[in-house]
Amino acid sequence: MRAEAQNTVDAIRKSLELLKQRIGWETAAHRLEEFNAMVEDPTLWDDPARAQKLMRERQALVDSVETVKAIEQELSDNVELIELGEAEGDEEVVAEAEEALKALRKRAEEKEIEALLSGEADANDCYLEINAGAGGTESCDWAAMLARMYVRWAEKHGYSVELIAENPGEEAGIKSVVYKVVGPNAYGWLKTESGVHRLVRISPFDSSARRHTSFASVWVYPVVDDNIEIEINPADIRIDTFRSSGAGGQHVNTTDSAVRITHLPTGIVVTSSEKSQHQNREIAMKALKSRLYQLELDKRNQAIAEAHEAKGEAAWGNQIRSYVLQPYQMVKDLRTGVETSDTQGVLDGDLDQFMAAALAKDVAGKSRSEAAASAQA
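Given the structure is predicted, the values throughout are model-derived calculations rather than measurements.

The rules behind these values
Residues numbered from 1 in each chain as written. Predicted model: local features only at pLDDT ≥ 70, side-chain atom pairs only at ≥ 80, totals over all residues. Heavy atoms only, no water. Helix = DSSP H or I, 4+ residues; strand = E, 2+ residues; numbered from the N terminus. Buried < 20%, exposed > 50% of the residue type's maximum accessible area, 1.4 Å probe, protein only. UniProt positions renumbered as here; feature names shortened; annotations may be inferred. Pairing = 2+ DSSP bridges. Contact = heavy atoms within 4.5 Å. Axes fitted to C-alpha atoms, helices over the stretch in contact; angles between N-to-C directions. Parallel < 35°, antiparallel > 145°, perpendicular 65-115°, else oblique. Left-handed = near helix turned anticlockwise from the far one by under 90°. Nonpolar A, V, L, I, M, F, W, Y, C, P; charged D, E, K, R; others polar. Core = buried A, V, L, I, M, F, W, Y, C linked by side-chain atoms within 4.5 Å. Domains from an automatic or database assignment. Salt bridge = Lys/Arg side-chain N within 4 Å of Asp/Glu carboxyl O. pLDDT = per-residue confidence, 0-100. Patch = residues over 30% accessible without salt bridge, like charges linked within 9 Å, V, L, I, M, F, W, Y side chains within 5 Å. Areas by Shrake-Rupley, 256 points an atom, 1.4 Å probe, with all protein chains shown as cover. Lys, Arg positive; Asp, Glu negative; His and termini not counted. Charge placed at Lys NZ, Arg CZ, Asp CG, Glu CD. Polar contact = N/O pair within 3.5 Å; in protein donor to acceptor, adjacent residues only side chain to side chain.

## A few points about the overall build of the chain
Here's step 1: Along the chain, the regular secondary structure elements total 10 helices and 11 strands.
Here's step 2: Across the 377 residues in the chain, those meeting the buried criterion constitute 41%.

## Details of the UniProt feature "coiled-coil region" (unreviewed entry) in the chain
Here's step 1: Per the UniProt annotation, the sites labelled "coiled-coil region" (unreviewed entry) are residues 87–114.
Here's step 2: The span residues 87–114 is 93% helical and 0% strand by assignment, and the distance between its end C-alpha atoms comes to 37 Å.

## Overview of the sheet that holds strand S1 (residues 126–132)
Here's step 1: Read across the open sheet, the eight strands follow the order S2-S3-S1-S5-S4-S9-S10-S11; overall the sheet is mixed. Edge strands, defined here as strands with exactly one partner in the open sheet, are strand S2 (160–168) and strand S11 (339–340).
Here's step 2: As paired strands, S1 and strand S3 (residues 174–182) are joined by six bridges and run antiparallel to one another. Considered in S3, the bridge of Glu 129 is made with Val 178.
Here's step 3: Taken strand by strand, helix H5 (residues 137–156) contacts S1, S2, S3, strand S4 (195–202), strand S5 (211–222) and strand S9 (319–324), and its axis lies near 45 degrees from that of S5.

## Examining the packing of helix H1 (residues 3–23) against helix H4 (residues 91–114)
Here's step 1: Two numbers describe how H1 lies on H4: the axes approach to 9 Å, and their chain directions differ by 25 degrees. Classified by the angle their axes make, H1 and H4 are roughly parallel. As for the relative orientation of H1 and H4, their crossing is left-handed in sense. Packed against H1, whose contacting residues are Glu 4, Ala 5, Asn 7, Thr 8, Val 9, Ala 11, Ile 12, Ser 15, Leu 18 and Leu 19, the element H4 presents Glu 98, Leu 101, Lys 102, Leu 104, Arg 105, Ala 108, Glu 109, Lys 111 and Glu 112 at the interface.
Here's step 2: Of the residues contributing to the contact of H1 with H4, the split by class is nine nonpolar, three polar and seven charged.

## Let's talk about the nonpolar core
Here's step 1: Core analysis: the biggest nonpolar cluster contains 58 residues, and Leu 146, Tyr 150 and Tyr 323 have the highest contact counts within it.
Here's step 2: Of the residues forming this core, the biggest block, nine residues, is contributed by H5.
Here's step 3: Three or more residues apiece are contributed to this core by two domains, here domain 2 (126–225 + 318–374) and domain 3 (237–303).

## Overview of the packing of helix H2 (residues 25–39) against helix H3 (residues 48–88)
Here's step 1: The interhelical angle for the contact between H2 and H3, taken along N-to-C directions, is 145 degrees, at an axis separation of 10 Å. The handedness of the crossing between H2 and H3 comes out as left-handed. On H3, the residues that touch Trp 25, Ala 28, Arg 31, Leu 32, Phe 35, Asn 36, Met 38 and Val 39 of H2 are Arg 50, Leu 54, Met 55, Glu 57, Arg 58, Leu 61, Val 62, Val 65, Val 68 and Lys 69.
Here's step 2: Along the lines of polarity and charge, the residues of the contact of H2 with H3 split into 12 nonpolar, one polar and five charged.

## Looking at the pattern of salt bridges
Here's step 1: Tallying each qualifying case throughout the model produces 23 salt bridges.
Here's step 2: Salt-bridge contacts for Lys 20 lead to Glu 72; the nearest nitrogen and oxygen are separated by 2.7 Å. Taken together, the residues span a long stretch of sequence, with Lys 20 in helix H1 and Glu 72 in helix H3 at a distance of 52 residues.
Here's step 3: Judged by relative accessible area, which is 23%, Lys 20 ranks as partly exposed.
Here's step 4: Judged by its relative accessible area of 28%, Glu 72 is partly exposed.
Here's step 5: One salt bridge connects Arg 201 with Asp 141, and the closest N-O pair in it is separated by 2.7 Å. Residue Arg 201 is located in strand S4, and its partner Asp 141 is located in helix H5; the two are separated by 60 residues in the primary sequence.

## Digging into the confidence of the model for the chain
Interpreting fine coordinate detail is not advised for predicted regions of low pLDDT.
Here's step 1: The share of residues in the chain with pLDDT of 70 or more is 85%, and the mean pLDDT across the chain is 84.
Here's step 2: Averaged pLDDT values over the elements of the chain bottom out at 46 in helix H8 (residues 302–311) and peak at 97 in helix H9 (residues 343–347).
Here's step 3: Long-range and interchain partners of residues 367–375, a stretch whose pLDDT sits below 50, account for zero contacts in this model, where long-range means more than four residues apart.

## Considerations on the side chain of Glu 138
Here's step 1: Structurally, the position occupied by Glu 138 is in helix H5.
Here's step 2: For Glu 138, a relative accessible area of 6% puts it in the buried group.
Here's step 3: Not counting residues up to four positions away in its chain, the partners in contact with Glu 138 are Arg 201, Ser 203, Pro 204, Phe 205, His 212 and Ser 214.

## What to know about a negative patch on the surface
Here's step 1: Among the surface-exposed residues, Asp 77, Glu 80, Glu 83 and Glu 86 lie close enough to one another that they form a single negatively charged patch.
Here's step 2: Its location among the elements puts Glu 83 in helix H3.

## Concerning the side chain of Glu 129
Here's step 1: As for its placement among the helices and strands, Glu 129 is situated in strand S1.
Here's step 2: Here the side chain of Glu 129 touches Asn 131 through a polar contact of 3.0 Å, side chain to side chain.

## Comments concerning the sheet that holds strand S7 (residues 258–263)
Hydrogen bonds between backbone groups are what pair the strands of a sheet, and the pairing can be parallel or antiparallel.
Here's step 1: Within the open sheet, the three strands sit side by side as S6-S7-S8. Their pairing is antiparallel. A single partner strand is all that each edge strand has here, and the edge strands are strand S6 (237–242) and strand S8 (268–272). Recorded for the sheet is a direction-independent mean angle of 15 degrees between the axes of neighbouring strands.
Here's step 2: Two strands pair when backbone bridges link them, and S6 and S7 are joined in this way by six bridges, in the antiparallel orientation. Across the sheet, residue Ile 237 finds its bridge partner in S7, namely His 263.

## Details of the environment of Val 324
Here's step 1: Note on placement: Val 324 falls in strand S9.
Here's step 2: When the C-alpha atoms of Val 324 and Val 200 are compared, they prove to be 4.7 Å apart, with 124 residues separating the residues in sequence.
Here's step 3: Those residues in contact with Val 324 that sit more than four places away from it in its chain are Val 200, Gln 329, Met 330 and Thr 343.

Set out below in structure tokens:
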């Protein structure tokens, strides 16, 4: 086997070893048996919240075990193909197997990073909030492009996306939007997207075809499980009802059913614009609890807190990623240095390389901090 291919094989085996350590491979089969026994308990669904949590934990373990087995099998198959091709002098077979190993290495590294999603709320669903920054119609259009990008990303990963609230732009795009993204590790992945996103392009709204720079901010926070108690003093909130803006026709509310809740001590504002005012109150309160929970997480995790503070205003100097469409094409993450010229692919939801790099950097930073703390101790 050629040296480059051997290095790829070694890297895949290293990722597999780390994956197994993360999921506790030695006891995985026994834990799965325990999960299956609990699932078969007829009284399980007497407590729906506990049952759903149990089913999610079980599925996460099943997915992890199947991932390891699938990578091991694919690795073995391609190593055998290379050995067979080399023995028979079939360079085409060898080359195809080597390319397959390169793709497998990338997937194994991504799964390794995904296994590091062990934060307190990483496994939770999340809220994704996008707000247009300075720039009027341009920024509203950019916010709508970002919304489409994240919906596409979520769909590619099998997540469901629920529209919670939307405030359309006056001429085009959206001023703000809030989605609920539902799926395993939704918060763990999307939390890396919090920050200001900058777009450079020839404006479709400028008759002189000049180049414009637009900004929009993205904020991601976890959905709080029902078993997590978040105390909210009724005196600390103001609840307003209003008529929701819409695109027209049957989607326009005919009553003041939309709800806005303002948390006075923190200034946090959440909205919901479904048809039922009662439903909107419930959705908005859950969103507020999630926001407050995120603040608490920030206090306990200084790295996250600093990232949110650095996000700042959606304008120059605060961006985490630049999307340049003219005069050349490039998307570059300013935190990790990861970049690509496939701008259309990124806008169509190909974000994994940016998320994986940000997660790896965050994990590396935490590891260095823990090592320093141990040295001082």
